[in-house]
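Take a look at the letters that make up each chain.
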Amino acid sequence: MKIVVTGANGQLGREIAGRYGDQHQLVLTDVDNLDITDYEAVREFLTAIKPAAVIHCAAYTNVDGAESDREGAFRVNAAGTRNLAAGCRDLAARMVYISTDYVFDGETDRPYRENDVPHPLNVYGTTKLQGENFVREIAPRHYILRTAWLYGEGKNFVRTMLKLARERDSLQVVNDQIGTPTYTKDLATAIFKLLAADAYGTYHASNNGAASWYDFAVKIFELAGVKTPVAPVPTAAFPRPARRPKYSVLENYRLAGTVGDPMRPWEEALADYLG
């Protein structure tokens, strides 16, 4: 299958290229060779390539930066996604859009399902939700995958914690934001299972279980054999421009019912990553 991958230099893009490059004809793009915010450039590029599918991983992911750069975040996350959706519609190509748990406000006591009503707390979540809505309105053959706390090949929380542990005598990590760490390897598996099934719609695709950032850090250090002490602290200890949801655990309800849930418990996936 000929597939265009946007954001190919990011963690998920690298995972897809590394695992599926020999199984599919992947056309890897990033900001250096495709400006997704330029409608004409996107239309011309997709018309020339004629892909069967587009996996849209590119995003403005600076959650705090988006608060003071609403226009920039909208241009990439919403307008850029709209441009790709239009191109997919015109070519009858399938579109995979990677969204986020931050479309929810975290004011719940149970994992979110796909039909729960989004209510983002910050600009990043708002623009990602706008991207979702454009995909639904424009591209009939679409898959929207909401995921969370992603790590893989590149800069991420796991590598940051291990680096800080080498540099400091002790660490403090937030313990009142609850979500699910997700390994790009498992998310990529879910994407290609859905592409094979032609089962369009909105899905949650995060590793299973729940953790705070503190829990995540403790497990990282345990698996890596790191002895640096880590203490739990509230979000208020690290004031940030963007509000975060207190609880944004996702339930892979539709994924399990459609192709089976390939997402492992987060602890198992993390052990694989660190192994």
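Residues numbered from 1 in each chain as written. Predicted model: local features only at pLDDT ≥ 70, side-chain atom pairs only at ≥ 80, totals over all residues. Heavy atoms only, no water.

Participant: Any chance you could explain the packing of aromatic side chains here in plain terms?
Facilitator: The geometry of two aromatic rings is summed up by the distance between their centres and the angle between their planes. Counted under the stated rule, the structure contains 13 aromatic pairs. Each ring, one from Tyr 151 and one from Phe 216, has its centre 5.9 Å from the other, and the planes form 45°; the classification is tilted. Taken together, the residues Tyr 151 in strand β6 (residues 150-151) and Phe 216 in helix α8 (residues 213-224) connect sequence positions 65 residues apart. Between Tyr 151 and Tyr 273 the ring centres are 4.9 Å apart and the planes differ by 65°, which places this aromatic pair in the edge-to-face class. Linking Tyr 151 in strand β6 with Tyr 273 in helix α10 (residues 266-274), this pair joins segments that are 122 residues apart in sequence. (Phe/Tyr/Trp six-rings, centres within 6.5 Å; stacked < 30°, edge-to-face > 60°. Helix = DSSP H or I, 4+ residues; strand = E, 2+ residues; numbered from the N terminus.)

Participant: For this particular structure, what's the right way to read the nonpolar core?
Facilitator: Nonpolar side chains in soluble globular proteins tend to end up buried together. One finds Val 4, Ile 36, Phe 45, Leu 46 and Leu 84 to be the most contacted residues of the largest nonpolar core, which totals 32 residues. Counting only elements with at least two residues in this core, the list comes to α2 (39-49), α3 (63-68), α4 (70-91), β4 (94-100) and α5 (123-138). With seven residues, the top contributor of residues to this core is α4. Those residues in contact with Val 4, other than ones at most four positions away along the chain, are Val 27, Thr 29, Phe 45, Leu 46, Ile 49, Pro 51, Ala 53, Val 54 and Ile 55. By size, the runner-up hydrophobic cluster in this structure holds 26 residues, among which are Ile 55, Ile 98, Ala 199 and Leu 255. (Core = buried A, V, L, I, M, F, W, Y, C linked by side-chain atoms within 4.5 Å. Buried < 20%, exposed > 50% of the residue type's maximum accessible area, 1.4 Å probe, protein only. Contact = heavy atoms within 4.5 Å.)

Participant: Could you clarify how one ought to interpret the packing of helix α6 (residues 157-167) against α8 in this entry?
Facilitator: Relative orientation and spacing of two packed helices are given, respectively, by the angle between their axes and the distance between those axes. Two elements in contact, α6 and α8, have axes whose closest approach is 10 Å; the angle formed by their N-to-C orientations is 65°. When the axes of α6 and α8 are compared, the pair comes out roughly perpendicular. By crossing handedness, the relation of α6 to α8 is classed as right-handed. Each of Phe 157, Val 158, Met 161, Leu 162 and Ala 165 in α6 lies in contact with α8, whose residues at this interface are Trp 213, Phe 216, Ala 217, Ile 220, Phe 221 and Ala 224. (Axes fitted to C-alpha atoms, helices over the stretch in contact; angles between N-to-C directions. Parallel < 35°, antiparallel > 145°, perpendicular 65-115°, else oblique. Left-handed = near helix turned anticlockwise from the far one by under 90°.)

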